[in-house]
Amino acid sequence: MVTLGDDDFDPLLTGFALITGGSRGIGAATARLLARQGWNVCVSYRVAQQAADEVVAACRAAGRQALAVRADVSCEADVTELFGQADELGTLRALVNNAGMVAPTARVDEMDARRVEQMMAVNVVGPFLCAREAVRRMSTRHGGSGGAIVNVSSAAARLGSAGEYVDYAASKGAVDTMTIGLAQEVAAEGIRVNAVRPGFIETDIHASAVQPDRLERVRPSIPMQRTGRPDEIAEAIAWLCSDAASYVTGALVDACGAR
Ligand code: NAP
């Protein structure tokens, strides 16, 4: 599914940002904010086409070019197709590796291989594939003119998520390590790579853990005594995408109310 905006877009003058999982939650808030800041955007989604179309409409209402593409980030062919379609928007300047999943709460001694493999496929393999496509387009080594990659990790990477989903936490630990290593690998090629590590943010993801009351329950344990909003995470992501963060790379930025 592809939705294009205005006809007067000049790809030679304006770059764009690609946000995976931009149909809902943190990804949708990021797409809307980047569009308000002047970015053209491509959002990917897995199933929520209507929600993705609403994000595209909001970005277009902000005067930007916008595109929505269905792609499962754990599927290599989908990722290749996603970036190929996104190239219609011109020059890729920013990738936000946001798409991610949790699974129902379980202890490690209750997990089967299928669950852990799917977690790693979506939360680790997906960001690697998307980063590969972005580097091929942005790196001066490949004839590109630079850009920024922002990985959406989680505070879980350093907390471990015992009794909830250690597999999820471990997948985000891998994202952190990828952030540091890739940042060093492409630092001299015009690409900055950073991660944002949100704490408890008010999105639908908690329902996937079959814990609809999770945010209410954890609130007292957060030093700031409140959960975060998707737009608060979007602000950190947008800053890392921007030239205002021109000397910031390989950073893991915690946005979790001091948790
Ligand atoms: P969300 O509201 O559940 O949204 C998840 C987004 O990812 C949706 O757009 C979804 O697309 C997409 N997605 C899921 N699986 C996908 C797949 N296999 N391929 C492509 N897209 C896929 O989640 P969120 O809370 O905004 O989370 C966004 C990121 O922040 C995730 O990486 C998550 O781990 C991280 N994070 C969230 C929190 C939090 O408290 N919310 C805390 C720390 C980190 P469809 O809807 O179209 O399927």
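Attention here is on the structure that accompanies the text.

Each value, and the rule that gives it
- Along every chain, residues carry numbers that run from 1 in the direction the sequence is written.
- pLDDT decides what is reported in this predicted model: residues at 70 or higher carry local features, side-chain atom pairs at 80 or more are listed and counted, and totals for whole chains, interfaces and linings draw on all residues regardless.
- Heavy atoms from the whole structure form the basis of all side-chain values; hydrogens and water molecules are not counted.
- A 1.4 Å probe that fits into a set of points on a 1 Å grid over the protein atoms alone but cannot get out defines a cavity; an open set with protein on both sides within 12 Å along at least five of seven lines defines a pocket, and lining residues are those with an atom within 4 Å of a point.
- Grid points are joined across faces, edges and corners, and a volume is the space filled by probe spheres set on the points.
- Numbering goes from the N terminus for both helices and strands, where a helix is a DSSP run of H or I of at least four residues and a strand is a run of E of at least two.
- Residue contacts are counted whenever heavy atoms from the two residues lie within 4.5 Å of one another.
- Burial classification: accessible surface area is computed with a 1.4 Å probe over protein chains only, and a residue below 20% of its type maximum counts as buried, one above 50% as exposed, and the rest as partly exposed.
- Think of it this way: DSSP has to see at least two bridges between two strands before they count as a pair.
- With strands facing away from the observer, any crossover in which the path from the first strand over the helix to the second runs clockwise is taken as right-handed.
- The near set for a molecule or strand comprises every residue that places at least one heavy atom within 4 Å of it.
- Surface accessibility in these figures is a Shrake-Rupley result with a 1.4 Å probe; residues are shielded only by whichever protein chains are displayed.
- Residues are grouped as follows: nonpolar covers Ala, Val, Leu, Ile, Met, Phe, Trp, Tyr, Cys and Pro; charged covers Asp, Glu, Lys and Arg; every other residue, Gly included, is treated as polar.

As a further point, take the layout of surface pockets. Computed from the structure, the largest pocket encloses a volume of approximately 1100 Å³. Looking at the largest pocket, it is lined by 45 residues, and the ones nearest its centre are A99, G100, M101, V102 and I205. Listed by contribution, the elements that provide at least two residues to the lining of the largest pocket are helix 1 (25-36), strand 2 (40-45), helix 4 (113-138), helix 5 (156-159), helix 6 (166-186) and helix 7 (205-208). By volume, the second largest pocket amounts to about 250 Å³. The wall of the second largest pocket is formed by 16 residues, among which G147, A148, G190, R192 and D243 lie closest to the centre. Residue assignment for the lining of the second largest pocket shows that the elements contributing at least two residues are strand 5 (147-152) and strand 6 (191-198).

Within the element layout of this structure, A121 appears in helix 4. Residues A121 and R132, spaced eleven residues apart in sequence, show a C-alpha to C-alpha distance of 15 Å. With residues near it in sequence (within four places) discarded, A121 still touches S74 and G126.

With that settled, consider the pairing of strand 4 (residues 91-97). For strand 4, the tally of buried residues reaches five of seven residues, placing the bulk of the element in the interior. Two elements, strand 1 (residues 15-19) and strand 4, share five bridges in a ladder whose sense is parallel. Among the inter-strand pairings, I19 is bridged to a residue of strand 4, identified as V96. As paired strands, strand 4 and strand 5 are joined by four bridges and run parallel to one another. In the sheet register, V96 faces strand 5, and the bridge partner there is V150. Following the backbone out of strand 4, through helix 4 and into the adjacent parallel strand 5, one traces a crossover that is right-handed.

We now examine the site of the ligand. For the ligand, the set of nearby residues contains 30 residues, the closest of which are S23, R24, N98, Y168 and T203. Taking 900 Å² as the accessible area of the ligand by itself, protein coverage stands at 96%. Looking at the shell around the ligand, the elements that each hand over two or more residues are helix 1, helix 6 and helix 7. Classifying every residue of the shell around the ligand by side-chain character gives 14 nonpolar, eleven polar and five charged.

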